[in-house]
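One-letter residues, chain by chain:
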Amino acid sequence: MGYDKAVHIAAHEKMQQRRARALERAHAHQEEIYQKIPQVLAIDQELAKTSLYVSRAVLNKRNDIGELIQGLRLKTESLQQKKEHLLLQHGYPADYLLAKFHCPKCEDRGYLQNGTCDCMKELLKQEAAARLSSVHNIASFTFQNFHVNLYSNQPDASGVVPRERMREILEYCQQYASTFSLASRNILMMGHTGLGKTHLSLAIANTCIQNGAGVVYASAQNILTKLEQERFNRVEASQDTFETITSCDLLILDDLGSEFTTQFTTSAVFNLLNSRILKGLPTIISTNLTPKELEERYTQRVASRLIGSFDILRFVGSDIRFILKKNQM
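My aim in this report is to walk through the structure given alongside it, one point at a time. None of these values were measured; they are calculated from a predicted model. (Residues numbered from 1 in each chain as written. Predicted model: local features only at pLDDT ≥ 70, side-chain atom pairs only at ≥ 80, totals over all residues. Heavy atoms only, no water.)

## Considering helix H6 (residues 197-210)
Residues three or four positions apart in an α-helix share a direction because the helix packs 3.6 residues into each turn. Taking 1.5 Å as the rise per residue, H6 with 14 residues should run 20 Å; its terminal C-alpha atoms sit 20 Å apart, in good agreement. With 10 of 14 residues buried, H6 is to be regarded as a mostly interior element. When H6 is considered as a whole, its buried residues turn out to be Lys 197, His 199, Leu 200, Ser 201, Leu 202, Ala 203, Ile 204, Ala 205, Asn 206 and Cys 208. In this structure, the buried residues of H6 make contact with helix H5 (162-178), strand S3 (186-190), strand S4 (215-219), strand S5 (250-256) and strand S6 (283-287). Looking one or two residues past H6, Gly 212 carries a phi angle of roughly 95°, positive in sign. (Helix = DSSP H or I, 4+ residues; strand = E, 2+ residues; numbered from the N terminus. Expected span 1.5 Å × (residues − 1). Buried < 20%, exposed > 50% of the residue type's maximum accessible area, 1.4 Å probe, protein only. Contact = heavy atoms within 4.5 Å.)

In structure tokens, the structure reads:
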């Protein structure tokens, strides 16, 4: 994936901070143990001498190097066992002096001999997702502060009780977020403005991010504008936004239909949807448009992707933002 230079810099800084914290903790543990168990210090000094002796023997090309290394290996193992025994004897874990890295494979360096470590790839993905996401106070949107009692308990013209429907949608979204995986379903949230689509999609994003998923949350207008700018070189950027949004664990596209529709945006929406569907990656889209309006605006093939490949959540009721404002007056 082609990431912006700023994304690489930020990811590398975070990786360096991880490694520095792990080494600092290990050093603090070492100082503590040396003070409380002086025998451990003496063992470490002996181990350092053993290592230096091996290095000198290799440089001097001694004929008995094999035998020597075998003997020193046994001595090293004995000293390590003695050190672990002392730690356990004083109530410490046997590995108390070892650095506890976030990623044991690369020891928080971000790279292995054969290339970039998975932990660095994940960090790059998360950083790219965070920079694309347009909502900065995402943590304030939770399932707990989504109040279904704001919806009417009386049936509407079609016989649907808004409060019951929204309780069902809330439970669906909670279950979706708590069990999210790359095999999760796509969701299409449909309904008029102010019914809670943005709140619940952000609550899903909030939970998934806390559980370690790479989430991109952005308005359709912002994403499509960015794609168009990059397509026609109207901005200087090396980051491939299309690659990022089609490869993230979860893409949440808010308010589809609010953007100015052009031939480019129609094509971009289709390519975006089609790419994620082919990759089997979950997508959540919210829109104020009806199925018929989606087809009129984006063509039948886009509408068929949305209707055929997404679980549809139909939001009902009155504008809860208006109700909240009215209650605060």
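## Some details on the packing of H5 against H6
At a minimum axis separation of 9 Å, H5 and H6 run at an interaxial angle of 20°. As judged from the angle between their axes, H5 and H6 are roughly parallel. Read as a crossing pair, H5 and H6 show a hand that is right-handed. Packed against H5, whose contacting residues are Ile 169, Leu 170, Cys 173, Tyr 176 and Ala 177, the element H6 presents Leu 200, Ile 204, Thr 207 and Cys 208 at the interface. When its residues are assigned to classes, the contact of H5 with H6 shows 8 nonpolar, 1 polar and no charged. (Axes fitted to C-alpha atoms, helices over the stretch in contact; angles between N-to-C directions. Parallel < 35°, antiparallel > 145°, perpendicular 65-115°, else oblique. Left-handed = near helix turned anticlockwise from the far one by under 90°. Nonpolar A, V, L, I, M, F, W, Y, C, P; charged D, E, K, R; others polar.)

## So, the packing of helix H10 (residues 291-298) against helix H11 (residues 300-309)
Packing of H10 against H11 leaves a shortest axis separation of 7 Å and a crossing angle of 140°. When the axes of H10 and H11 are compared, the pair comes out oblique. Across the interface between the two elements, Pro 291, Leu 294, Glu 295 and Tyr 298 from H10 touch Gln 300, Val 302, Ala 303, Leu 306 and Ile 307 from H11. For the contact of H10 with H11, the residue count by class is 7 nonpolar, 1 polar and 1 charged.

## Some points on the nonpolar core
Across soluble globular proteins, nonpolar side chains have a tendency to be buried as a group. One finds Met 189, Leu 200, Ile 204 and Leu 250 to be the most contacted residues of the largest nonpolar core, which totals 31 residues. Listing elements by their share of this core, those giving two or more residues are H5, S3, H6, S4 and S5. Ignoring anything within four residues of it in the chain, the contact list for Met 189 reads Cys 173, Lys 197, Leu 200, Ser 201, Ile 204, Ile 284, Ile 285, Ser 286, Thr 287, Leu 313 and Phe 315. Membership of the second largest hydrophobic core comes to 25 residues, among which are Ala 218, Ala 220, Phe 270 and Phe 310. (Core = buried A, V, L, I, M, F, W, Y, C linked by side-chain atoms within 4.5 Å.)

## Focus on the pairing of S4
Each regular strand displays side chains that alternate between the two surfaces of the sheet. Of all 5 residues in S4, 5 are buried, a share of seventy percent or more. Of the two faces of S4, the one holding Val 215, Tyr 217 and Ser 219 and the one holding Val 216 and Ala 218 are both buried throughout.

## A look at the packing of aromatic side chains
Scanning the model with the defined rule gives 4 aromatic pairs in all. Their ring planes at 45° and their centres at 4.8 Å tell us that Tyr 92 and Tyr 96 sit as a pair that is tilted. Ring centres 6.0 Å apart and planes at 40° place the aromatic pair Phe 146 and Tyr 151 in the tilted group. Residue classification places Phe 146 among the buried positions, given a relative accessible area of 6%. Connected via pairs of aromatic rings, a cluster forms that spans Tyr 172, Tyr 176 and Phe 180. Here the basic side chain of Arg 301 rests over the ring of Phe 270, its NZ or CZ set 3.6 Å away from the ring centre. (Phe/Tyr/Trp six-rings, centres within 6.5 Å; stacked < 30°, edge-to-face > 60°. Lys NZ or Arg CZ within 6 Å of the ring centre and 35° of its normal.)

## With respect to the side chain of Ser 201
By the element assignment, Ser 201 lies in helix H6. Within the local environment of Ser 201, its side chain forms a polar contact with the backbone oxygen of Thr 198, the two atoms lying 2.9 Å apart. (Polar contact = N/O pair within 3.5 Å; in protein donor to acceptor, adjacent residues only side chain to side chain.)

## Section: the pattern of salt bridges
Under the counting rule described, the total for this entry stands at 8 salt bridges. The partner of Arg 185 in a salt bridge is Asp 311, and the shortest N-O contact between them spans 2.8 Å. With a gap of 126 residues between them, Arg 185 in the loop between H5 and S3 and Asp 311 in strand S7 (residues 310-314) connect regions that are remote in the sequence. With relative accessibility at 46%, the residue Arg 185 sits in the partly exposed group. (Salt bridge = Lys/Arg side-chain N within 4 Å of Asp/Glu carboxyl O.)

## Quick word on helix H9 (residues 263-279)
Taking 1.5 Å per residue as the helical rise, H9 with its 17 residues ought to reach 24 Å, and the 24 Å between its terminal C-alpha atoms agrees with that figure. Along H9, the residues that are buried comprise Thr 265, Thr 266, Ala 268, Val 269, Phe 270, Leu 272, Leu 273, Asn 274, Ser 275 and Arg 276. Two to three positions downstream of the cap, the backbone nitrogen of Phe 264 sits 3.3 Å from a side-chain oxygen, assigning the N-cap of H9 to Thr 262. The positive-phi residue at the C-terminal boundary of H9 is Gly 280, with phi of around 75°.

## A closer look at the sheet that holds S4
Spatial ordering of the open sheet is given by S4-S5-S6-S3-S7, a layout of 5 strands whose pairing is parallel. Two strands lie at the open edges of the sheet, namely S4 and S7, each paired on one side alone. Mean inter-strand twist for the sheet, computed between neighbouring axes without regard to direction, equals 15°. Pairing geometry for S3 and S7, over 5 bridges, is parallel. (Pairing = 2+ DSSP bridges.)

## Quick look at the environment of Glu 122
Inspection of the secondary structure assignment puts Glu 122 in helix H4 (residues 118-132). Classification of Glu 122 by relative accessible area gives partly exposed; the value is 24%. Sequence separation between Glu 122 and Gly 212 is 90 residues; the distance between their C-alpha atoms is 9.5 Å. Here Glu 122 is in contact with Gly 212, Gly 214 and Asp 249, once residues within four sequence places are set aside.

Just distances and angles here, no functional claims.
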